[in-house]
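The lines below spell out each chain.
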Amino acid sequence: MSELAGYNAVITGGGRGIGAAAAVALARAGAKVSLASRNESQVVEIAAELRNQGHEAFAFRCDVTEPHQVRELALSAREAMGRIDILVNNAGTATSNPITRITHAEWQHIMAVNATGTFLCTQAVWEGMADRRWGRVVNVASVAGLSGAKYVSAYTAAKHAVVGFTRAMAEEAVGSGITVNAVCPGYVDTPLTDETVARIVHHTGKSWQEALSAVLDQAGQPRLIRAAEVANAIVGFCHVGAHAPNGELLVLDGSESE
Ligand code: NAD
């Protein structure tokens, strides 16, 4: 499978979970990959594993909430790979709290990582993609970007912002050769979901399995989604041929056959 041979991708939050799976899937599809994360040791490790498997992979430290670090990332990734054709805006973070307990700092952080980071990274690569009349931007939103649930208002607002940004940028992209799409997964088997389950265990005294079942039941999900399933959907949005989708929001809710 080498549909993406000759194409270069940047994946934010590429050190673990969905971002790491997306980096692996894009590399296997033939792309050169630059993994960026606030946590440098994670991306260094995944990039080294990919290079051991014969892929071209680079790692960069970047906090997507910091405009100057995002500009640095775009420069460094261009220097390493030549240009940036694909951007996966995956870096994200979540907390759960009722409205009375969300601090201003928590709200701002959730908005900054999920929404502002997506804006900053897209802005940093847009001109180069537009100049070459080809680009793929894939945003990792969430089912929380399409509907609401209790105790996750900050995350839900931030992911609704990502969905709105995706819709608007898809319109702005029409005729440019760039496409902008989003994946909207339910609960995925990643460290972020582990943190959610751990919080429930801590607050309720439930066992891990009971807490996980409660999370899945509340979401109406039959099972946890695998990170590789989300990664495959991301690669699907990087399609190089004609009729590439634009402005699509692909929901993954675990009802798909594995
Ligand atoms: P994760 O916590 O396992 O990994 C997130 C990665 O992002 C980590 O490598 C982390 O270091 C990095 N990161 C966090 N803040 C950053 C910042 N400011 N700058 C750069 N990197 C940063 O999370 P995950 O479950 O793999 O989630 C990835 C994306 O998928 C997020 O946007 C998340 O909201 C979304 N998502 C996750 C789920 C789920 O159930 N896990 C469901 C729907 C959507």
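We now turn to the structure provided with this report.

Parameters and conventions
- Residues numbered from 1 in each chain as written.
- Predicted model: local features only at pLDDT ≥ 70, side-chain atom pairs only at ≥ 80, totals over all residues.
- Heavy atoms only, no water.
- Helix = DSSP H or I, 4+ residues; strand = E, 2+ residues; numbered from the N terminus.
- Rg over C-alpha atoms; globule rule 2.2 N^0.38 Å.
- Buried < 20%, exposed > 50% of the residue type's maximum accessible area, 1.4 Å probe, protein only.
- Lys, Arg positive; Asp, Glu negative; His and termini not counted.
- Charge placed at Lys NZ, Arg CZ, Asp CG, Glu CD.
- Phe/Tyr/Trp six-rings, centres within 6.5 Å; stacked < 30°, edge-to-face > 60°.
- Core = buried A, V, L, I, M, F, W, Y, C linked by side-chain atoms within 4.5 Å.
- Contact = heavy atoms within 4.5 Å.
- Expected span 1.5 Å × (residues − 1).
- Disulfide = S-S within 2.5 Å.
- Near = heavy atom within 4 Å.
- Polar contact = N/O pair within 3.5 Å; in protein donor to acceptor, adjacent residues only side chain to side chain.
- Areas by Shrake-Rupley, 256 points an atom, 1.4 Å probe, with all protein chains shown as cover.

Right, let's talk about the overall build of the protein for a bit. Of regular secondary structure, the protein possesses eight helices and seven strands. Taking 2.2 N^0.38 as the reference for a compact globule, 258 residues should give roughly 18 Å; the C-alpha atoms of the protein span a radius of gyration of 18 Å, in line with that estimate. Principal-axis analysis of the C-alpha atoms places the extent of the protein at approximately 55 × 35 × 35 Å. Looking at the protein residue by residue over its 258 residues, the buried ones come to 49%. For the protein, the separation between the mean place of its 20 positive charges and that of its 25 negative charges on side chains is 2 Å.

Going through the model one piece at a time under the given rule, you end up with one aromatic pair. A centroid spacing of 4.6 Å and a plane angle of 45° characterise the contact between Tyr7 and Trp134, whose relative ring orientation is tilted. Of this pair, Tyr7 sits in the segment before β1 (8-12) while Trp134 sits in the loop between α4 (104-132) and β5 (135-140); the two residues are 127 residues apart in sequence, bridging distant segments of the chain. Residue class for Tyr7 comes out partly exposed when judged on its relative accessible area of 21%.

Another aspect to go through is the nonpolar core. Grouped together as the largest cluster of nonpolar side chains are 37 residues, with contacts concentrated most on Leu4, Ile11, Leu26, Val33, Leu50, Val230 and Ile234. Elements with a contribution of two residues or more to this core: β1, α1 (17-28), β2 (32-37), α2 (40-52), β4 (86-89), β5 and α8 (227-236). By residue number, the principal contributor to this core is α1, which donates eight residues. Apart from the residues lying within four places of it in its own chain, the contact partners of Leu4 are Leu26, Ala29, Gly30, Ala31, Ile86, Val235, Cys238 and Val240.

Turning next to helix α5 (residues 153-173). Each turn of an α-helix holds 3.6 residues, which means side chains three or four residues apart point in the same direction. With 21 residues, α5 ought to run about 30 Å at 1.5 Å a step, and its terminal C-alpha atoms sit 30 Å apart, in line with that. Ala154, Tyr155, Thr156, Ala158, Lys159, Val162, Val163, Phe165, Thr166, Met169, Ala170 and Ala173 are the residues of α5 that are buried. Next to the buried residues of α5 lie α4, β5, β6 (178-185) and β7 (249-252). Within two residues after α5, Gly175 carries a phi angle of roughly 85°, on the positive side.

Next up on the list: the state of the cysteines. Summed over all chains, the structure comprises zero disulfides. With no disulfide of its own, Cys184 lies 15 Å from the sulfur of Cys238, the closest cysteine sulfur. For Cys184, a relative accessible area of 0% translates into the label buried.

Take the site of the ligand next. Arg16, Asn90, Tyr155, Val188 and Thr190 are the nearest of the 30 residues found near the ligand. Cys62 has a polar backbone atom sitting 3.5 Å from a nitrogen atom of the ligand. At a separation of 2.9 Å, an oxygen atom of the ligand approaches a polar side-chain atom of Thr193. Relative to its unbound accessible surface of 820 Å², the ligand loses 97% to contact with the protein. Contributions of two or more residues to the shell around the ligand are made by α1, α4, α5 and α6 (191-204). Broken down by element, the residue count for the shell around the ligand peaks at three residues, all from α6.

Treat this as a map of the structure, not an account of what it does.
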